[in-house]
There are 2 protein chains.
Amino acid sequence: MNSPRLQLVSDTPGLSRYGALAAALRARIVAGEWPPGTAMPSEQQLATDHQVALGTLRRALESLAAQGLIERVHGKGTFVRAGLTGSPLLRFFRFGQGTGEVPVSRILARDRIAAPAAISRRLGLGAGTQVLRLRRLRLLQGQPCLLEEAWLPLPLFDALADSDPREWGDLLYPEYASRCGVHVHRAVDEVSFGTLAATQARQLALPAGHPSAVVSRHAFDLAGRCIEARTSVGDAHAFHYTVTIT
Amino acid sequence: MNSPRLQLVSDTPGLSRYGALAAALRARIVAGEWPPGTAMPSEQQLATDHQVALGTLRRALESLAAQGLIERVHGKGTFVRAGLTGSPLLRFFRFGQGTGEVPVSRILARDRIAAPAAISRRLGLGAGTQVLRLRRLRLLQGQPCLLEEAWLPLPLFDALADSDPREWGDLLYPEYASRCGVHVHRAVDEVSFGTLAATQARQLALPAGHPSAVVSRHAFDLAGRCIEARTSVGDAHAFHYTVTIT
DNA sequence: AAGTGGTCTAGACCACTCT
DNA sequence: GAGTGGTCTAGACCACTTG
């Protein structure tokens, strides 16, 4: 590939050059020029492409790295961050021994349905759009610990709707990536408390009316589109979370 | 004041020069050379003091700013951060209308006592050290919303133990600063859930056994000493918290 | 050895704040 | 206008990774 000689045309006059550069690089990343997990060109290359000094280019990359968009590895290169992969929900709970074990997943139901109004709003879709609804139970050492309901927009997740759930792993995000090419880049969790309805209680093997912790998640891809709305419910007494304020 | 011509002697050979510089500056701040809220010398001055290039000095200051130790203001100077001042507990609750209103504080009890084992451990004190125990109720529009118990080491907080609580404002941290010269620089909150004991319930005007959110806080000063252990209890149904994962 | 990102320097110039 | 931090440059050298 030869040097594109891109122009830095900032429509925001008050913006610094490295700020404009960061925005331009972000746009190239979001556009898919370098897919998640792959390496970007070297600093030298990018600097000459955009016709800025090396230091300025580095400032821009540093800001993108601080935003979690890219990762820099000494001696290897600069990489677009792959999606979230872990089990980030577990940060809110301490079940059993609290070893970092990943809960086993049991799919309870999977349906293509028209999104209820509340869901289409959360996903930013038109009213009545088709979505995939996933209900699953998560267990640690055979004990139910979390009950989840996930809503996924169609046709983006068609591949998930058509595949055999028994082939899935215990984590959903790797399936999103491998089967649908969807990378979860950012997630917002809202925590609140309530009590278990009768059916929820039965599935979690707890008494009805038992206090529950509810985590409502919105997950977004690189471009900022909401690609999952999820609600997870667990025993309030297993809830535990630490925040540092500065 | 003349130029100290400080030497940068890093005992950690693997550490970069700006890293060592940042550590040295942090030490000067923690030692109280520039008290919280006051300005540090200019970049030029610090750079010549420590015999490094301006860019290197700036890197060090940037890392201290990222850690929340200092604040930089364009055209004015670099300032050691004053302590936390707001009402950070409220980030966990949404009472009533949820306007950013600060709850009124009513002191229920104030005692000098020997610290129970659990408390002296939390504060990092020797067993049986004298501490100040503060119990207070916080109210919004006349409605009780939070019940708090704070433990403060003595003799550091003697001034608080001897003053008239009716002169205090609704926030404790400004009192710590003005009366005892203690600045809260960092706080760690641990959230969990439980149910209200009979006395707690009565004070919060809720039924006994009602689900509760419990926030257990450790607060630290610039030097990293724990200067407050606090436990706050509120209605679990008023709890609400948002986290962004990246 | 070649290529990558990380550190450090020295200096010019700009933007903001205060008097 | 003087003093402060913020931006940008150009280049030298170092440290890490890979073939």
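Everything numeric in this text was worked out from a predicted model, so none of it was measured. (Residues numbered from 1 in each chain as written. Chains lettered and ligands numbered in written order. Predicted model: local features only at pLDDT ≥ 70, side-chain atom pairs only at ≥ 80, totals over all residues. Heavy atoms only, no water.)

Summing up its helical and strand segments, chain A has seven helices and nine strands in all. Taking all 246 residues of chain A together, 43% fall into the buried category. Long-range contacts, defined as pairs at least 24 residues apart, comprise 61% of the intrachain contacts of chain A with a sequence gap of at least 6. By element, 52% of the accessible surface of chain A is carried by carbon and sulfur atoms, the whole surface being about 11,900 Å². Positive and negative charge centroids in chain A, built from 27 and 21 side chains respectively, lie 3 Å apart. (Helix = DSSP H or I, 4+ residues; strand = E, 2+ residues; numbered from the N terminus. Buried < 20%, exposed > 50% of the residue type's maximum accessible area, 1.4 Å probe, protein only. Contact = heavy atoms within 4.5 Å. Areas by Shrake-Rupley, 256 points an atom, 1.4 Å probe, with all protein chains shown as cover. Lys, Arg positive; Asp, Glu negative; His and termini not counted. Charge placed at Lys NZ, Arg CZ, Asp CG, Glu CD.)

Superposing chain A onto chain B takes a rotation of 180° plus a shift of 0.0 Å along the axis, which leaves an RMSD of 0.1 Å. Both chain copies can therefore be described as sitting about a two-fold axis. Relative to the rotation axis, the closest C-alpha in chain A is found at Pro211(A), a distance of 3.5 Å. Most of the interface of chain A is mirrored in chain B, where 96% of its interface residues are also at the interface. (Least-squares fit on C-alpha atoms with pLDDT ≥ 70 in both.)

Turning our attention to the protein's contact with DNA strand D. Around DNA strand D sit 22 residues, and of these Arg17(A), Thr56(A), Arg59(A), His74(A) and Glu43(B) come closest. Among the atoms of DNA strand D close to the protein, meaning within 4 Å, 79% are from sugar or phosphate groups. Measuring from a phosphate oxygen of DNA strand D, one finds a backbone N or O atom of Arg17(A) at 2.4 Å. A distance of 2.8 Å is found between a phosphate oxygen of DNA strand D and a backbone nitrogen or oxygen belonging to Glu43(B). Elements with a minimum of two residues in the surface near DNA strand D: α1 (17-30) and α3 (54-66) of chain A together with β1 (70-73) and β2 (77-80) of chain B. (Near = heavy atom within 4 Å. Polar contact = N/O pair within 3.5 Å; in protein donor to acceptor, adjacent residues only side chain to side chain.)

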